[in-house]
Each structure stands twice: as structure tokens, then as C-alpha cells.
Amino acid sequence: MDDETLRRLVRTQTGNVPATRDDCPSPDTLQTVATAPTGDASQLAVLEHVATCAPCRRDFDLLRTAHAAAPAATRAAVLPRWVPALAAAAVIAVVSLVTIRSGDDVLRGAPTGRPTVQLLSPARAESGVQLQWHAVAQAVVYRVEVTDQDGNLAFSAETADTVALAPNLLDASSLRWSVEARLLDGSVLTSPLDSLRTPP
Amino acid sequence: MESTFRQMPGPPPSGSSIESVIQRFGRMVLSIGRRAGLGESDMDELIQGVRLRLWRTQGDGEQTETVSATYVHQAARSAAIDIVRARRTVIASASQSIDDTVLHDRTTAPDLLIEEQETATRIMDAVNELAPDRRAAVKLHLAGYRREEIASMLGWNDIRTRNLVHRGIADLRTRLIALGLAPSGAS
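Residues numbered from 1 in each chain as written. Chains lettered and ligands numbered in written order. Predicted model: local features only at pLDDT ≥ 70, side-chain atom pairs only at ≥ 80, totals over all residues.

A few words now on the overall build of chain B. On a plain count of helices and strands, chain B comes out with nine helices and zero strands. Written out in order from the N terminus, the α and β elements of chain B read α-α-α-α-α-α-α-α-α. Considering only contacts within chain B whose residues lie at least 6 apart along the sequence, 64% involve residues at least 24 apart. (Helix = DSSP H or I, 4+ residues; strand = E, 2+ residues; numbered from the N terminus. Contact = placed C-beta atoms within 7 Å.)

Encoded structure:
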């Protein structure tokens, strides 16, 4: 019995709409789990319910979609005119920092406690582009995104690590990347956008 | 259904920045929502909710450069949870029982459907006997969530998620075999 067969059979149990929602988690609980995952026992129970209750799954997926879509919606669209210059200065500063610290184990990143996520230069890897950033204190998960000039998503991944491997992407020099750190307290820190251009 | 996001008229004369944010938000919702399996109507409703909130508070054009990421995030959270709350108030007239499914599914023989329901019940019973972490990972996996989604939802790293899904499924298969549900294609 492969996974697909198991899934199909399980769906016959979980794909129906319950007569009442009395036993379902509240909307606020669903939103907390969707936006600030902790992995504790109470959240596990909620997620188990979501996995086996069709209407709760629909609600949960809507809530997490809203949570994930919002940050990307504002990038580059409403930035004041001075932000690109500031971002460029930040990139230069980060590159300088990496150069100065070359030889150290900076790629894995030590907690910095600074109020943004600090990106490190992308590097070529065998099967794509390796994206690295400094760890942020109390970060639960990082979301890394690669977008084109119009803000369309070309690649995204979520990880608890400070490195992600993006596949080889066409016209990478026009792409930009950023990292969003979700912290233990539910707050979010976002890095500036940086070019995906890799060193030759 | 065509998206409301794409059906809306062009941006208001004084709100181009807001419209830009809404357009971008709409694209992200469509991209992420489709991968999550959301229906078009749900995505349209969410986009429209954010549109209304942004226009209501920022639509005079005077603050268009100050539409912050935080504000859009709050608008999206607020719109999404309002949709979810509204659904809860709807009388569950569309409730559909398992028996209804059996009666109305004309593509599978009724006796086969009942047999599958019984098998599914036994599978879920076996899943519920797994250790809590594995149980959660397996339920989300069988619900169709991808590994990176499961990791994100549970706040786990990729390695832990992969291990728990893998071991949980292996554990489940062992239990199913013990229950006499020996899978023909077991791996």
C-alpha cells in the first residue's frame, strides 16, 4: 500500500464535512498555529485535527496563505526612493564584512541579535545556488524567497537552518532574494532584498 | 472562476501605490494559495478583504508611501480570520455525512465503498496509535502536505521532519500488516 493509496483511503474518512464545528479549534487558535508555529503539544493536536477535518483544513490553508503572501506583497512596491540606495549600502557593508571575516566559520552564522536578517553572498553549488544568512536569535524558522524584478516568486523554501539551496534559475542576474525570520514570539524580521548574482 | 483580483477595474487615480501592493498581494495569494490547494473563491475573497481594508484606511492618496509591510500583514490576517469566522456562522446545511458520500458516489460499487470506509477506519485507528510526533507528521503527510510545509507548520527542521514522516509511515505499515491489511505494494 503506497502513500497515494493510504492518502486516498484516509481521505474517505477525512474529506467529509462534519455536522457541526463544535469540536473544531477556534479561528483564533487556527491563526496562531498558522502564523507562529512552536511544535508544542497543543499545536500538534490542532494540526492533527486540521489534517483530518476538511473545513478546518480549508480555514487553516487560507490563514497561512494570507500570512505568507503579505510580506512579499510589500517588497519593492512601496519602498521609498531612498531604500534602494540604503539596500545597496547594506549589501556593500555585508560583502565587506564577509571579506574581512573570510576564513572564519561565518557561513553558519552566530546569533547577532540585530533587528534584521543579514544576508551573506550567494555561492554557486553543484546543483544550484547556495543561499546563506546569519542566524537570528530566537528564530523558529526562516523563509527564503527568490523573486524576479516584478516581485513574482521564482523559488521559496522554509528551513530552520541558515542555508538553503535554490535550483539553477534562468536569468539569475535579474533575480533578488531575501530571508524572513519568524521568531519564537511570533514576530517577523525581514532582510533587505539582495541580488542573486553569484561571483564568477 | 476568474479571479476578482484580475477582474477589478484599474487603480484609482490617487491610489496607485495601494493598487500596486494589492496587485502584488493578489499574485502572491494566487501563487501560494494554488499550491496549498485553496479554491479560487477563497483566494478572491481574501484579496478583496485586503483591498477593502487598504482602501478604507489609506485610500485618500496622502499616505500611499507609508503602506508598511506590517500594515499589509495585519490587513491580511484580519481579512483571513474574518472569512473564517464568517464561515462558522453559516448553518451547516451543506453537511455531508459519510453515508451521503456512499449513496451519491456513482462511480464505485457501494459494497466496495463500504469496504474502503472500513479499511480507512482501521488505518486511522492505527495512525492514532503512533507516538505523538510521528502521528502528527504522518497525519499531515497523508493529508497531502509537502515535507517543507509540515516542517514549517510544526516548527521543525527539515531533517527532523523527514525522519518523523519516514519512521511514522514505516511504523504505520508495520501496524497495518499486523492488522492483516498487508499491502500488495508495500515497500
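Before going further, it helps to spend a moment on the environment of Arg-11 of chain A. Residues and elements named next belong to chain A. Note that Arg-11 resides in helix 1 (residues 3-14). Classification of Arg-11 by C-beta neighbours within 10 Å gives partly exposed; the count is 16. With 42 residues separating them along the chain, Arg-11 and Cys-53 place their C-alpha atoms 9.7 Å apart. (Buried ≥ 20, exposed ≤ 12 C-beta atoms within 10 Å, placed from the backbone.)

The subject of this paragraph is the interface of chain A and chain B. With 55 residues of chain A at the interface, the matching set in chain B holds 69 residues. Ranked by residue count, the leading element in the side of chain A that touches chain B is helix 4 (residues 54-74) of chain A, at 15 residues. Grouping the constituent residues of the side of chain A that touches chain B by class yields 30 nonpolar, 15 polar and ten charged. (Nonpolar A, V, L, I, M, F, W, Y, C, P; charged D, E, K, R; others polar.)

Another point: helix 1 of chain A. Residues and elements named next belong to chain A. In a regular helix each residue adds 1.5 Å, so twelve residues correspond to 16 Å; helix 1 covers 16 Å between its end C-alpha atoms and thus fits that length. The complete set of buried residues in helix 1 reads Leu-6, Leu-9, Val-10 and Thr-12. Taken around the axis of helix 1, the buried residues stretch over an arc of 145°, which confines them to a single face. (Expected span 1.5 Å × (residues − 1). Arc of directions from axis to C-beta.)

Okay, the confidence of the model for chain B next. For chain B, the average pLDDT comes to 77, and 72% of its residues sit at 70 or higher. Every residue in residues 91-104 of chain B scores below 50 in pLDDT, and together they form 15 contacts with partners more than four places removed in sequence or on other chains. (pLDDT = per-residue confidence, 0-100.)

A few words on the confidence of the model for chain A. Counting all residues, the mean pLDDT for chain A is 74, and 69% of those residues have values of 70 or more. Counting interchain partners and residues more than four positions distant, the pLDDT-below-50 stretch residues 76-83 of chain A has twelve contacts.

Relative to the helices and strands, His-73 of chain B is located in helix 4 (residues 69-89). His-73 of chain B sits in the partly exposed class, given 19 other C-beta atoms within 10 Å. Along the backbone, His-73 of chain B and Val-50 of chain B are 23 residues apart, and their C-alpha atoms lie at a distance of 9.3 Å. If sequence neighbours within four positions are ignored, His-73 of chain B has contacts with Ala-70 and Pro-71 of chain A.

Here the focus is the nonpolar core. Core analysis: the biggest nonpolar cluster contains 62 residues, and Leu-47 of chain A together with Phe-25 of chain B have the highest contact counts within it. Per-element accounting of this core gives the leading share, nine residues, to helix 2 (residues 16-36) of chain B. (Core = buried A, V, L, I, M, F, W, Y, C linked by C-beta atoms within 7 Å.)

Our focus in this paragraph is the packing of helix 6 (residues 110-127) of chain B against helix 9 (residues 158-178) of chain B. All names here are of chain B. At a minimum axis separation of 9 Å, helix 6 and helix 9 run at an interaxial angle of 125°. As summarised for this structure, helix 6 and helix 9 are arranged oblique, according to the angle between their axes. Crossing handedness for the pair helix 6 and helix 9: right-handed. Residue-level inspection shows Ile-123, Ala-126 and Val-127 of helix 6 in contact with helix 9, the latter providing Leu-172, Arg-175 and Leu-176. Split by residue class, the contact of helix 6 with helix 9 holds five nonpolar, no polar and one charged. (Axes fitted to C-alpha atoms, helices over the stretch in contact; angles between N-to-C directions. Parallel < 35°, antiparallel > 145°, perpendicular 65-115°, else oblique. Left-handed = near helix turned anticlockwise from the far one by under 90°.)

A pair of packed helices can be characterised by two numbers: the angle between their axes and the separation between those axes. Between helix 3 (residues 41-52) of chain A and helix 7 (residues 132-142) of chain B, whose axes approach to 9 Å, the crossing angle comes to 30°. On the basis of the axis angle, helix 3 of chain A is roughly parallel to helix 7 of chain B. Considering how the two elements wind past one another, helix 3 of chain A and helix 7 of chain B form a crossing that is left-handed. Contacts from Ala-41, Leu-44, Leu-47, Glu-48, Ala-51 and Thr-52 of chain A of helix 3 of chain A reach helix 7 of chain B at Pro-132, Arg-135, Ala-136, Lys-139 and Leu-140 of chain B.

This part covers the pairing of strand 6 (residues 176-183) of chain A. Residue and element names in this part refer to chain A. Burial runs high along strand 6: seven of the eight residues are buried. Alignment of strand 3 (residues 139-147) against strand 6, held across eight bridges, turns out to be antiparallel. Note on strand 6: the bridge partner recorded for Val-146 is Trp-177. Bridging between strand 6 and strand 8 (residues 194-195) involves two bridges; their strand directions are antiparallel. Looking across to strand 8, one finds that Trp-177 is bridged to Asp-194. Here strand 6 pairs with strand 7 (residues 188-190) via three bridges, running antiparallel. For Arg-182, the partnering residue across the bridge sits in strand 7 and is Val-188. (Pairing = 2+ DSSP bridges.)

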